[in-house]
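A look at the structure
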Amino acid sequence: MAKVIIQLGALTCPSCLQKIESAVSKEAGVKKVKVLFNASKVKAEIDTSQTTGEILAKTIEKLGYEVQSVKVKEA
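All values derive from a computational prediction rather than experimental measurement.

**As for the overall build of the protein**
Scanning the protein from terminus to terminus reveals 2 helices and 4 strands. Secondary structure elements of the protein occur, N-terminal to C-terminal, as β-α-β-β-α-β. Seen through its principal axes, the protein has C-alpha atoms that stretch 35 × 20 × 15 Å. Expressed as a percentage of its 75 residues, the buried residues of the protein come to 33%. Contacts in the protein between residues far apart in sequence, at least 24 positions, make up 62% of those at least 6 positions apart. Element-wise, carbon and sulfur atoms account for 50% of the exposed surface of the protein, whose accessible area totals about 4,500 Å². In the protein, 12 side chains carry a positive charge and 8 a negative one; their mean positions are 5 Å apart.

Cut-offs applied
- Residues numbered from 1 in each chain as written.
- Predicted model: local features only at pLDDT ≥ 70, side-chain atom pairs only at ≥ 80, totals over all residues.
- Heavy atoms only, no water.
- Helix = DSSP H or I, 4+ residues; strand = E, 2+ residues; numbered from the N terminus.
- Buried < 20%, exposed > 50% of the residue type's maximum accessible area, 1.4 Å probe, protein only.
- Contact = heavy atoms within 4.5 Å.
- Areas by Shrake-Rupley, 256 points an atom, 1.4 Å probe, with all protein chains shown as cover.
- Lys, Arg positive; Asp, Glu negative; His and termini not counted.
- Charge placed at Lys NZ, Arg CZ, Asp CG, Glu CD.

Have a look at this one:
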């Protein structure tokens with residue numbers, strides 16, 4: 001298991017939060033996902049044998065959001 005923190009560009013509406021959480025939670029290996037609207041961050045717990053922070057970042061970018069950085073901490 002690992003914790004991923006993805007820094008996004010500014011989120012403009014609360015519905016962005018739900019869209020991102022829904023898409024990321026559908027990725028294989030994602031155990032938990034939380035979008036922090038005011039901080040424009042996505043926090044997730046993942047199984048690193050099934051997914052990576054970069055895969056989650058690509059999923060978010062496909063939705064049209066800017067990913068500024070991806071940090072992964074092994075648990």
